[in-house]
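What follows is each chain in one-letter form.
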Amino acid sequence: MKTVDQCDFKDKKALVRVDFNVPLDKEFNITDDKRMRAALPTITKILNDGGAVILMSHLGRPKGGPENQFSLKHILGDLSRMLDLEVKFADDCIGASAVDAARNLVPGQVLLLENLRFYKEEEKGDKDFAAKLAKLGDVYVNDAFGTAHRAHASTSIIAEFFPTEKYFGYLMAEELKNAEKINNNAEKPFTAIMGGAKVSDKILLIESLLEKVDNLIIGGGMAYTFSKAQGGEIGTSLLEADRMELCLQLLEKAKAKGVNIILPLDTVIADKFDNNAEKKNVDAGHIPADWMGLDIGPKSVELFSEVIKKSKTLLWNGPMGVFEMANFEQGTRAVANAVVAATKENGAFSLIGGGDSAAAIAKFNLEDEVSYVSTGGGALLEYMEGKELPGVKAING
Ligand code: AMP
């Protein structure tokens with residue numbers, strides 16, 4: 001793997017694609033800076049070599065033109081504090097202001113370019129736009145795992161302009177190393193824990209996991225479609241009616257492959273989608289009409305925890321319930337604790353897939369108690385599905 005360790009950045013201007021797509025509150029304060037912190041080692045390495053850094057990122061989902069709410073200037077102060085230097089800012093990612101700022105940059109300095117997605121060309125993977133970005137630096141570094149599954153101008157197309165001078169940053173290298181451990185070198189028993197809202201988002205992942213895992217635990221909103229497909233009563237719980245047949249096929253496939261699919265035995269139900277709703281426990285498949293399942297119940301917690309604690313490899317993607325509400329977080333919290341116990345007491349390798357399971361692990365302050373928390377949601381899922389990520393191919397190819 002070609003990483004920044006293979007390059008001496010002395011007197012070079014490194015164009016680094018980072019994923020600074022961090023959540024901001026209404027006053028533009030960063031509410032979770034993990035993605036920024038994760039990119040610091042790469043930036044520091046380049047500066048320590050005697051190079052300069054030009055950072056490019058996207059933020060949010062602008063409609064293709066400048067929008068103040070999505071300006072990267074909002075993160076400039078925090079970035080400067082993290083690096084302990086005054087980061088410069090170009091209010092455009094291409095054009096005269098970016099070109100001038102990049103030209104004036106000297107070794108030891110960092111420049112942050114304005115949001116790449118203020119140009120539609122970024123997501124279209126436009127070659128001319130990529131060429132304009134490429135002109136700003138001497139070397140290209142990709143450290144944005146969160147967008148590695150996109151063939152965008154700054155994540156993939158730009159690499160064509162750096163036939164040899166292109167490298168993975170430390171975050172990318174670490175993410176790929178950990179994902180690879182699960183993909184090809186998983187020690188058994190290997191248990192995948194799937195949750196979250198929708199089956200449809202995770203079909204391909206479930207199918208590819210059936211080739212690898214010993215146990216597949218299914219919780220969260222998606223479990224109710226499985227329950228209904230098997231003839232259960234699910235009240236007003238999340239349902240993807242058009243996926244019921246597929247759920248039955250997945251169960252058949254798992255049986256044929258000898259994979260143990262473990263579904264919830266019981267569920268915590270509520271009379272409305274509200275933290276203060278009336279709630280009770282019922283067996284799975286016995287949810288009264290007008291009630292909805294918002295978490296797994298205590299019997300499920302016990303069963304899931306037992307399987308998790310005996311595992312040597314764990315992949316967790318998606319919460320067990322609506323963990324954002326304190327009254328429906330217990331199932332997700334218990335699974336998180338079981339994953340921690342397996343890691344500590346059984347020496348298991350535990351990888352937490354990005355997105356909502358990463359948010360849950362952070363909410364419970366357990367980020368340092370598991371083996372690795374990925375910064376990538378979609379990118380990790382696609383990697384696990386066996387797809388070649390454009391951002392990875394661009395550097396390797
Ligand atoms: P995903 O992005 O597919 O991983 O889904 C994560 C979201 O699923 C979280 O915001 C959870 O609140 C939500 N979720 C998990 N379980 C349930 C459930 N039983 N009913 C409704 N939403 C759920």
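All figures in this text were calculated on a predicted structure; none of them were measured in a lab. (Residues numbered from 1 in each chain as written. Predicted model: local features only at pLDDT ≥ 70, side-chain atom pairs only at ≥ 80, totals over all residues. Heavy atoms only, no water.)

Draft legend 1. Layout of the UniProt feature "binding site: substrate" (unreviewed entry) in the protein chain. With numbering matched to this structure, UniProt assigns "binding site: substrate" (unreviewed entry) to Asp 19, Phe 20, Asn 21, Arg 35, His 58, Leu 59, Gly 60, Arg 61, Arg 117 and Arg 150. Lining residues of the largest cavity drawn from the annotated set just named are Asp 19 and Arg 35. Considering the arrangement of structural elements, one finds His 58 in the loop between β2 (52–56) and α2 (76–83). One polar contact links His 58 to Arg 17, side chain to side chain, over a distance of 3.2 Å. Relative to the helices and strands, Leu 59 resides in the loop between β2 and α2. Apart from the residues within four sequence positions on either side, Leu 59 is in contact with Phe 20, Asn 21, Val 22, Leu 24, Phe 70, Ser 71, Leu 72 and Asn 115. (UniProt positions renumbered as here; feature names shortened; annotations may be inferred. 1 Å grid on protein atoms, 1.4 Å probe; cavity = no way out; pocket = protein on both sides within 12 Å on 5 of 7 lines; lining within 4 Å. Helix = DSSP H or I, 4+ residues; strand = E, 2+ residues; numbered from the N terminus. Polar contact = N/O pair within 3.5 Å; in protein donor to acceptor, adjacent residues only side chain to side chain. Contact = heavy atoms within 4.5 Å.)

Draft legend 2. Structural detail: the packing of aromatic side chains. According to the stated counting rule, one finds three aromatic pairs in the structure shown. Centroid distance Tyr 119 to Phe 129: 5.3 Å. Interplanar angle 35°. Geometry classified as tilted. In this pair, Tyr 119 sits in the loop between β4 (110–113) and α4 (120–124) while Phe 129 sits in helix α5 (residues 127–134), placing the two residues ten residues apart along the sequence. Phe 129 gets classed as buried once you look at its relative accessible area, which sits at 2%. Between Tyr 140 and Phe 162 the ring centres are 6.0 Å apart and the planes differ by 20°, which places this aromatic pair in the stacked class. With a gap of 22 residues between them, Tyr 140 in strand β5 (residues 139–142) and Phe 162 in the loop between β5 and β6 (166–168) connect regions that are remote in the sequence. Lying over the aromatic face of Trp 291, Lys 280 brings its terminal NZ or CZ to 4.5 Å of the ring centre. (Phe/Tyr/Trp six-rings, centres within 6.5 Å; stacked < 30°, edge-to-face > 60°. Buried < 20%, exposed > 50% of the residue type's maximum accessible area, 1.4 Å probe, protein only. Lys NZ or Arg CZ within 6 Å of the ring centre and 35° of its normal.)

Draft legend 3. Quick look at the UniProt feature "binding site: (2R)-3-phosphoglycerate" (unreviewed entry) in the protein chain. UniProt's feature table lists "binding site: (2R)-3-phosphoglycerate" (unreviewed entry) at Arg 35, Arg 117 and Arg 150, given in the numbering used throughout. Those annotated residues from the list above that line the largest cavity are Arg 35. Mapped onto the elements, Arg 35 comes out in helix α1 (residues 34–49). Overall, Arg 35 belongs to the partly exposed group, its relative accessible area being 24%. For Arg 35, the contacting residues outside a window of four places in its chain are Asp 19, Phe 20, Asn 21, Val 22 and Thr 375. One polar contact links the side chain of Arg 35 to the main-chain carbonyl oxygen of Asn 21, over a distance of 3.3 Å. Tracing the backbone through its elements, the reader meets Arg 150 in the loop between β5 and β6. Take Arg 150: its relative accessible area is 37%, and that puts it in the partly exposed class.

Draft legend 4. Representation of the packing of α1 against α2. The N-to-C vectors of α1 and α2 enclose an angle of 50°; their axes lie 11 Å apart at closest approach. What the angle tells us is that α1 and α2 run oblique. Crossing of α1 against α2: the hand is right-handed. Residues Met 36, Arg 37, Leu 40, Ile 43 and Thr 44 of α1 pack against Asp 78, Leu 79, Met 82 and Leu 83 of α2. Class assignment for the residues of the contact of α1 with α2 results in six nonpolar, one polar and two charged. (Axes fitted to C-alpha atoms, helices over the stretch in contact; angles between N-to-C directions. Parallel < 35°, antiparallel > 145°, perpendicular 65-115°, else oblique. Left-handed = near helix turned anticlockwise from the far one by under 90°. Nonpolar A, V, L, I, M, F, W, Y, C, P; charged D, E, K, R; others polar.)

Draft legend 5. How the structure looks around the sheet that holds β4. Read from one edge of the open sheet, six strands run β3-β4-β2-β1-β5-β6, paired in parallel fashion. The open sheet terminates on both sides in strands that have one partner only, identified here as β3 (88–90) and β6. Taken pair by pair, the neighbouring strands of this sheet meet at an average axis angle of 25°, ignoring direction. Pairing of β3 with β4 involves three bridges; the strand directions are parallel. Counterpart to Lys 88 in the pairing with β4 is Leu 111. (Pairing = 2+ DSSP bridges.)

Draft legend 6. Layout of the site of the ligand. Around the ligand sit 15 residues in total, of which Ala 197, Lys 202, Gly 221, Gly 293 and Glu 324 are the nearest. Within the backbone of Gly 293, an N or O atom sits 3.0 Å from a nitrogen atom of the ligand. One nitrogen or oxygen atom from the side chain of Glu 324 is found 2.5 Å from an oxygen atom belonging to the ligand. Per-class residue counts for the shell around the ligand are six nonpolar, five polar and four charged. (Near = heavy atom within 4 Å.)

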